[in-house]
Each structure stands twice: as C-alpha cells, then as structure tokens.
Amino acid sequence: ENRYKYAMTGDTTEIVLLGIDIARLATGNIISHPHWELRPPLKRKVKARIMVMDQLSVPIIRGAQVLLHMHSIDVPTVLSKLLTSVHPRQKNSQKVKPRVLTAGVSATVEMTFTDKISVETYNDCRALGRFVLRRGGETVAIGIVESIL
C-alpha cells in the first residue's frame, strides 16, 4: 500500500480522518486547509449568471424565493437583485434592471442565501461555482457564480 502526501485532480484516494465525530460527517462535506486564510470563503451573497429554463411557467421577479442546489447542499435563497437580462433569440434584447425574467432568458442576478455557505467563483472552482435553482419542485434556472459579494 503506497502513501502519498498529496493527490491531483482525478486521482482516486482513500482518506483517513482522526479525531472527528462520525456524526458530523455527511456527503458533500469539504475538506480544506486548517489555516482560515486558505479555506474557501463562507459567504451569504453572490453575483451569478443564470439561464432560465424554457419550460418556466411563472416568471421570476426580484425578491423571488428559490431553493439553491449546490454540490450536495440545498439552501433557501432570495434573488435580491435582477441586474441584466438577455434573450438569446432576439437581437438587441439586453435589459438593465429587468422587472421579470421569463422563460429562455440569460440573466445576471444578485442572490442572498439564508445561511453562509462555502462558495467560490466558477473560474476558481467549478464544483463550488455552479448551481441549480428550484421552486415548487421544478428547476427554474441553472447558473454559475461570477463574483462573491
């Protein structure tokens, strides 16, 4: 059995954790560096780019409450600001501060989570930077984190 000090992306590993209560572990937990400056940030607000699903029945408005699914967590989230929207099938369709997001549009929004979560921009870490927004049992949008606020 070989033991290494590090693993690279795509490596299959077996990790032994000592001194941790097994009841506090769950699927999706993040193992990070013990020094706080090297850990992924715990934040409550992000700016994200979303794509609204084509089969959306009720438009999305500012203040809409959705459930954010990211890696293995579900967090109640409020779409606190609708910053821009673009309809990909229409030329010159960019709107600043749109009132609603309808089916098929791409938009930049500001989201506020009810709890602080471990989140990074999509460019920094793909797994911690992509998400799905659901409401009433249906997927309303998919998206990526552009910046952490």
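Above this note sits the structure.
Before going into details, it helps to say that this report is about the structure given with it. (Residues numbered from 1 in each chain as written. Predicted model: local features only at pLDDT ≥ 70, side-chain atom pairs only at ≥ 80, totals over all residues. Heavy atoms only, no water.)

Here's the deal with the overall build of the protein chain
Scanning the protein chain from terminus to terminus reveals one helix and nine strands. Projected onto its principal axes, the C-alpha coordinates of the protein chain cover approximately 60 × 30 × 30 Å. A buried classification covers 29% of the 149 residues belonging to the protein chain. Taking the intrachain contacts of the protein chain between residues at least 6 apart in sequence as the baseline, contacts between residues at least 24 apart amount to 67%. In the structure as shown, the protein chain presents an accessible area of about 10700 Å², 51% of it carried by carbon and sulfur atoms. (Helix = DSSP H or I, 4+ residues; strand = E, 2+ residues; numbered from the N terminus. Buried < 20%, exposed > 50% of the residue type's maximum accessible area, 1.4 Å probe, protein only. Contact = heavy atoms within 4.5 Å. Areas by Shrake-Rupley, 256 points an atom, 1.4 Å probe, with all protein chains shown as cover.)

Some details on a nonpolar patch on the surface
Taken together, the side chains of Ile15, Leu17, Ile20, Ile22, Leu25 and Ile31 make up a nonpolar region of the molecular surface, amounting to roughly 610 Å² of accessible area. Its location among the elements puts Ile15 in the segment before β1 (42-52). (Patch = residues over 30% accessible without salt bridge, like charges linked within 9 Å, V, L, I, M, F, W, Y side chains within 5 Å. Salt bridge = Lys/Arg side-chain N within 4 Å of Asp/Glu carboxyl O.)

Description of the environment of Tyr122
When you line up the elements, Tyr122 lands in the loop between β7 (106-118) and α1 (126-129). When its relative accessible area of 24% is taken as the criterion, Tyr122 is described as partly exposed. Residues Tyr122 and Ala48, spaced 74 residues apart in sequence, show a C-alpha to C-alpha distance of 9.4 Å. Contacts of Tyr122, omitting those with residues within four sequence positions, involve Gly129, Arg130, Ile144 and Val145.

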